[in-house]
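Each chain, letter by letter, is given below.
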Amino acid sequence: MTQPIFLVGPRGSGKTTIGQALAQALGLQFIDTDHWLLSTSGMSVAEIVEQEGWDGFRLRESQALKSATQPGAVVATGGGIVLRDENREFMREQGLVLYLRASVDTLTNRLEAFPDEGQRPTLTGKTITDEISEVLAAREALYQQSAHHFIDASQSPSEIVADILQRIPASGASKAAS
Ligand SMILES: Nc1ncnc2c1ncn2[C@@H]1O[C@H](COP(=O)(O)OP(=O)(O)OP(=O)(O)O)[C@@H](O)[C@H]1O
Ligand SMILES: O=C(O)C1=C[C@@H](O)[C@@H](O)[C@H](O)C1
Ligand SMILES: [Mg+2]
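The rules behind these values
Residues numbered from 1 in each chain as written. Chains lettered and ligands numbered in written order. Predicted model: local features only at pLDDT ≥ 70, side-chain atom pairs only at ≥ 80, totals over all residues. Near = placed C-beta within 6 Å. Helix = DSSP H or I, 4+ residues; strand = E, 2+ residues; numbered from the N terminus. Nonpolar A, V, L, I, M, F, W, Y, C, P; charged D, E, K, R; others polar. UniProt positions renumbered as here; feature names shortened; annotations may be inferred. Contact = placed C-beta atoms within 7 Å. Buried ≥ 20, exposed ≤ 12 C-beta atoms within 10 Å, placed from the backbone.

Around ligand 1 sit 19 residues, and of these Gly14, Lys15, Thr16, Thr17 and Arg110 come closest. Of all elements in the fold, only helix H1 (15-26) and helix H7 (157-167) reach the threshold of two or more residues within the shell around ligand 1. By residue number, the principal contributor to the shell around ligand 1 is H1, which donates three residues. When its residues are assigned to classes, the shell around ligand 1 shows five nonpolar, nine polar and five charged.

A few words on the UniProt feature "binding site: ATP" (unreviewed entry) in the protein. When the UniProt feature table is mapped to this numbering, "binding site: ATP" (unreviewed entry) covers Arg120 and Gln155. Taken together, the annotated residues stretch across 36 residues and extend over separate regions, lying up to 22.8 Å apart by C-alpha. Relative to the helices and strands, Arg120 is located in the loop between helix H5 (104-113) and helix H6 (128-146). Setting aside chain neighbours within four positions, we find Arg120 in contact with Arg11, Val45 and Pro115. With respect to the helices and strands, the residue Gln155 is situated in the loop between strand E5 (149-152) and H7. Here Gln155 is in contact with Ile160 and Asp163, once residues within four sequence places are set aside.

Before going further, it helps to examine the UniProt feature "binding site: substrate" (unreviewed entry) in the protein. UniProt records the feature "binding site: substrate" (unreviewed entry) at Asp34, Arg58, Gly79 and Arg139, using the numbering of this structure. The exposure class of Asp34 is buried, given the 21 C-beta atoms found within 10 Å. With respect to the element layout, Arg58 can be found in helix H3 (residues 45-68). In contact with Arg58, not counting residues within four places along its chain, are Gly80, Leu83 and Arg84.

Below, the structure is given as structure tokens:
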């Protein structure tokens, strides 16, 4: 398989966790746009937003997506990557896009247990539950438009990886929607 696999979804859906496990299972390189930005800029998401605002972060994130993507890699994106048309088009044209879907309750539980405020500064100033509901409602259609496959991300990591592997046989990843 030479086309990259992109994981999209909201904060806490498991893009980083599942991306690492999937890359290991497939023997592929793992890339994470949030980590790539941290290592290339030396700044956390919170620091970039403090200095450049969310517009500055979104610009850097789009550049990171294009610079970091490699053929045959698993790419965990940031939760807001789908906000820009150019990013959605890039991912769909270059590779296979998987949407990790989970309920507001599941996402809230995960983010409350591990908030990581340096990488997940508030988007709305609201509580985690209210923020997730609002952000998911605003982005759901964009995640759906971007994705070739919807994956139930409420399962355990090993179940999710097995589910993904069933949909992308070694003979070549399928872009058929499901
Ligand atoms: N399938 C899962 N089952 C249980 N816990 C999970 C699962 N996937 C991720 N987690 C946990 O949820 C938290 C968030 O996961 P992760 O960082 O992978 O999400 P993310 O989608 O990459 O978020 P972000 O958009 O902020 O980068 C972590 O603490 C992780 O251990
Ligand atoms: O959902 C979002 O907008 C974000 C998710 C994280 O992955 C980071 O990219 C950043 O905190 C923004
Ligand atoms: Mg992540």
